[in-house]
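Next come the chains, spelled out residue by residue.
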2 protein chains.
Amino acid sequence: MAVGTPQVTAPLPPEPPERLAHSSESCRPASEILMRIGDKWSVLIVMMLSGGPLRFSELKRRIDGISQRMLTLTLRGLERDGLVTRTVTPTIPPRVDYELTALGVSLREPVNALGQWAFDNRPAMLAARAAYDGREA
Amino acid sequence: MAVGTPQVTAPLPPEPPERLAHSSESCRPASEILMRIGDKWSVLIVMMLSGGPLRFSELKRRIDGISQRMLTLTLRGLERDGLVTRTVTPTIPPRVDYELTALGVSLREPVNALGQWAFDNRPAMLAARAAYDGREA
DNA sequence: CGGCATCCCACGGGATACTG
DNA sequence: CAGTATCCCGTGGGATGCCG
């Protein structure tokens, strides 16, 4: 039965078969998380906090180009998701420190792996992009 | 003092090491890539193509909820960046197959690592989120 | 100093309709 | 079947200003 449906039965390339089923439902959590931290600033902030806690203004100074609005919003999001802690010292002027939680620290590992990939393969991507754009320009 | 080598290779102990070179400049490529593939569909598509080439309609059928507009656009982007190839068979009706390039295949590993992290830690994140939301409701 | 509030614009992305 | 074109709305995110 089923005429015309070629049923592509996965002739696996040189990759070893992983026990991870890449179904749509099993990859959705990964996709969600990626979208969550794939915003403009989250990863940068997590990486900045890798070396230890930083206060708001220091964080803002180190991440060039971020608006204090987005710094606040992004930190709130990270705090909400249990990736950073927010510690307020009610002095005058007030002092607020942000620090990675254990969860936040654990996130560094896969993110670093992706960062390494990005560092290694960015030239290839840029070249591919240039070639693609050049083909039709 | 300026950081000498933008190394992202950390030994990753549970404790934050003292000399991490996570400068803003060294992490920006990672952030860029993350934003690039951190969109709504890219990772899902890459994962779907892990098992081998798929044609457009099959891809659309497997990724539930995607519009053909976004499928086309996302595939174009992935093709542009050298992550997938697009092969047209000019029959009637036409047939177009998409397949991961070597670059696309190599991306699977770090993305899978992140996916594993997401799978493992999503409960913790959801719990933290619920706790955070409950504190001020 | 840290951080809401507001305005405002650009872009992502869904729905739909049309073409080769 | 695969793709393009159009419409349209929700959101992301910058700039600015005010308040503890």
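Before reading on, note that the structure itself is shown above.
Numbering of residues starts from 1 in each chain and follows the order in which that chain's sequence is written. Numbering of ligands from 1 and lettering of chains from A proceed in the order in which they are written. Local features are withheld for residues below a pLDDT of 70 in this predicted model, meaning they are given only at 70 or higher, and side-chain atom pairs are given and counted only at 80 or more; totals for whole chains, interfaces and linings count all residues. The side-chain numbers reported here are obtained from all heavy atoms of the structure, hydrogens and water having been left aside.

A. Just the pairing of strand β2 (residues 84-89) of chain A, in detail. Residues and elements named next belong to chain A. Looking at chain direction, β2 and strand β3 (residues 95-100) are connected through six bridges and run antiparallel. Opposite Val84, over in β3, you have Leu100 as the bridge partner. In short, DSSP must find at least two bridges between two strands for them to pair. The helix and strand labels rest on DSSP assignments: H or I over at least four residues marks a helix, E over at least two residues marks a strand, and numbering proceeds from the N terminus. Joining the antiparallel neighbours β2 and β3 is a turn of five residues.

B. Inspection of the sheet that holds strand β1 (residues 54-55) of chain A at higher detail. All names here are of chain A. With respect to topology, three strands assemble into an open sheet ordered β1-β3-β2, the strand pairing being antiparallel. With one partner strand each, in any of the chains shown, β1 and β2 form the two edges of the open sheet. Taken together, the two bridges between β1 and β3 define a ladder with antiparallel strand orientation. Residue Arg55 lies in a different strand from β3, and its bridge partner there is Asp97. Contact between two residues is taken to exist if any of their heavy atoms lie within 4.5 Å; hydrogens are not considered. The angle between two axes is taken between their N-to-C directions and runs from 0 to 180 degrees, where each axis is a line fitted to C-alpha atoms and a helix contributes only its stretch in contact. In the packing of helix α4 (residues 68-80) onto the sheet, the strands contacted are β2 and β3, and the crossing angle to β2 comes to about 115°.

C. The packing of helix α5 (residues 102-136) of chain A against helix α5 (residues 102-136) of chain B, seen in detail. The geometry of α5(A) relative to α5(B) is characterised by a closest axis approach of 10 Å and an angle of 165° between their N-to-C directions. Taken together, the axis directions place α5(A) and α5(B) in an arrangement best described as roughly antiparallel. Crossing angle aside, the handedness with which α5(A) passes α5(B) is left-handed. Residue-level contacts link Leu103(A), Ser106(A), Leu107(A), Pro110(A), Val111(A), Ala113(A), Leu114(A), Trp117(A), Asn121(A), Ala124(A) and Met125(A) of α5(A) to Leu103(B), Ser106(B), Leu107(B), Pro110(B), Val111(B), Ala113(B), Leu114(B), Trp117(B), Asn121(B), Ala124(B) and Met125(B) of α5(B). When residues are grouped by polarity, Ala, Val, Leu, Ile, Met, Phe, Trp, Tyr, Cys and Pro land in nonpolar, Asp, Glu, Lys and Arg in charged, and all others, Gly among them, in polar. Grouping the constituent residues of the contact of α5(A) with α5(B) by class yields 18 nonpolar, four polar and no charged. Here is the rule for angles: anything less than 35 degrees is roughly parallel, anything more than 145 is roughly antiparallel, 65 through 115 is roughly perpendicular, and the remaining ranges are oblique. In this scheme, a crossing is called left-handed if the near helix is turned counterclockwise away from the far one by less than a right angle; it is called right-handed if the turn is clockwise.

D. Here's a closer look at the relation of the copies chain A and chain B. Each copy is superposed on the other by least squares, with the fit set by C-alpha atoms of residues at a pLDDT of at least 70 in both. In screw terms, the move from chain A to chain B is a rotation of 180° and a rise of 0.0 Å along the axis, fitting with an RMSD of 0.1 Å. Those values place the two copies in the arrangement expected of a two-fold rotation axis. Across chain A, the smallest distance between a C-alpha and the rotation axis is recorded for Gly38(A), namely 2.3 Å. Comparing interface residues between copies, 92% of those in chain A also lie at the interface in chain B; the contact surface is shared.

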